[in-house]
Amino acid sequence: IENMAIAASALGYNARTEPFPESGNDNFIARVVLSEAAPREEPLYPFIFSRCTNRKPYKIDPLTDKQRDDLLSATKEAGEGTLCFLEDRNKLEDVARFLSLGERFLFENIGLHKFFFSHINWSSSEEWVRRSGLYIDTLELPSEARKGFRLLKHWGLLRVLNKIAGVSKKVAEENAKTYTSSAAFGAIVVKSFNPKDFIAV
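Being a predicted model, the structure only gives us computed values, none of them experimental.

Quick notes on the rules
Residues numbered from 1 in each chain as written. Predicted model: local features only at pLDDT ≥ 70, side-chain atom pairs only at ≥ 80, totals over all residues. Heavy atoms only, no water. Helix = DSSP H or I, 4+ residues; strand = E, 2+ residues; numbered from the N terminus. Areas by Shrake-Rupley, 256 points an atom, 1.4 Å probe, with all protein chains shown as cover. Lys, Arg positive; Asp, Glu negative; His and termini not counted. Charge placed at Lys NZ, Arg CZ, Asp CG, Glu CD. Phe/Tyr/Trp six-rings, centres within 6.5 Å; stacked < 30°, edge-to-face > 60°. Buried < 20%, exposed > 50% of the residue type's maximum accessible area, 1.4 Å probe, protein only. Contact = heavy atoms within 4.5 Å. Axes fitted to C-alpha atoms, helices over the stretch in contact; angles between N-to-C directions. Parallel < 35°, antiparallel > 145°, perpendicular 65-115°, else oblique. Left-handed = near helix turned anticlockwise from the far one by under 90°. Nonpolar A, V, L, I, M, F, W, Y, C, P; charged D, E, K, R; others polar. Core = buried A, V, L, I, M, F, W, Y, C linked by side-chain atoms within 4.5 Å. Salt bridge = Lys/Arg side-chain N within 4 Å of Asp/Glu carboxyl O.

1. What about the overall build of the protein?
Item 1. In terms of helices and strands, the protein carries 10 helices and 6 strands.
Item 2. Overall size of the protein, expressed as C-alpha extent along the three principal axes, is 65 × 45 × 35 Å.
Item 3. Accessible area of the protein: about 14,500 Å², with a carbon and sulfur share of 57%.
Item 4. Mean positive and mean negative side-chain charge positions of the protein (28 and 27 charges, respectively) differ by 7 Å.

Below, the structure is given as structure tokens:
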């Protein structure tokens, strides 16, 4: 929705978003209605084509006052939700361990496991053809982990490895280390569980 709004403005359209336009249809998230307008300068428009998810470990240098203020001001401009920072190293490690449970569940639940591996693209050609999912290179797996990762898509083998080697626990532990390789955690907090609030945030 954000990309469409930015691109529409840059290309000479107004984009009006109507969240959940059909009552009772939770899968119809939004309708975007375009109307002609004068093109506007949109500084974020060029970045639509280069933005990506960065899963590399970050620097643990503390945020500067300017960095923190810039991030806080960006959320204030949007007008939705409250941005909170966690910068205490001990608490970061606690939260990282909690977050890494997601990966442990992923490798211990057959439904989650099947869903995840059905979205992996194993080569650049597959990534280009499918144009969706997770390209294996973007997971930033260590070289040793990458060699065995393809084997983990076999649920029967994974169950055995979990029992004899605790693979799911080790994956979670490694991801927790990556999560703590950062200056801070940020969370946008909303006042309600209204789906429209989550879209706005």
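What follows picks up the thread again.
2. Looking at unusual backbone geometry
Item 1. Look at Phe 20: it is not a glycine, yet its phi comes out positive at around 45°.
Item 2. With respect to the element layout, Phe 20 can be found in the loop between strand S1 (13-19) and strand S2 (30-36).

3. Quick word on the packing of aromatic side chains
Item 1. Applying the stated rule across the entire model yields 8 aromatic pairs.
Item 2. Between Phe 116 and Phe 117 the ring centres are 5.2 Å apart and the planes differ by 85°, which places this aromatic pair in the edge-to-face class. Phe 117 carries the same exposure label as Phe 116, and that label is buried.
Item 3. Ring geometry for Phe 117 versus Phe 149: centroids 5.2 Å apart, planes at 35°, classification tilted. One end of the pair, Phe 117, is in helix H5 (residues 110-117); the other, Phe 149, is in helix H7 (residues 143-149), with 32 residues separating them in the sequence. Accessibility classification places Phe 117 together with Phe 149 in one group, the buried group.
Item 4. An aromatic cluster of three or more residues is present, and its members are Phe 107, Phe 116, Phe 117, Trp 122 and Phe 149.

4. Observations concerning the environment of Ala 15
Item 1. Assignment of secondary structure puts Ala 15 in strand S1.
Item 2. In sequence terms Ala 15 and Ile 1 are 14 residues apart; their C-alpha atoms lie 9.3 Å from each other.
Item 3. In contact with Ala 15, not counting residues within four places along its chain, are Ala 5, Ala 8, Val 32, Val 33 and Leu 34.

5. Thoughts on the environment of Leu 101
Item 1. Summarising the element assignment, Leu 101 is placed in helix H4 (residues 101-106).
Item 2. Sequence-wise, Leu 101 and Lys 170 are 69 residues apart; in three dimensions their C-alpha atoms are separated by 11 Å.

6. Brief notes about the packing of helix H3 (residues 89-99) against helix H9 (residues 167-180)
What describes two packed helices is the angle between their axes and the distance between those same axes.
Item 1. Two elements in contact, H3 and H9, have axes whose closest approach is 8 Å; the angle formed by their N-to-C orientations is 140°. Here H3 lies oblique to H9, going by the angle between them. Judged by the sense of rotation from one axis to the other, the crossing of H3 with H9 is right-handed. The residues of H9 that touch H3, namely those facing Arg 89, Leu 92, Glu 93, Ala 96, Arg 97 and Leu 99, are Ala 176, Tyr 179 and Thr 180.
Item 2. Its residues assigned to classes, the contact of H3 with H9 shows 5 nonpolar, 1 polar and 3 charged.

7. Quick word on the nonpolar core
Item 1. In this structure, Phe 107, Phe 116, Phe 117, Ile 120, Ile 136, Phe 149 and Leu 152 are the most contacted members of the largest nonpolar core, which totals 13 residues.
Item 2. Setting aside residues no more than four positions away along its own chain, Ile 120 makes contact with Glu 126, Arg 130, Leu 134, Ile 136, Leu 139 and Phe 149.

8. A word on the pattern of salt bridges
Item 1. All chains considered together, the criterion is met by 12 salt bridges.
Item 2. Across the pair Glu 108 and Arg 104 runs a salt bridge whose closest N-O atoms are separated by 2.9 Å.
Item 3. By relative accessible area, Arg 104 is classed as partly exposed at 26%.
Item 4. Linked through salt bridges whose partners overlap, the residues forming this network are Arg 16, Glu 18 and Arg 31.

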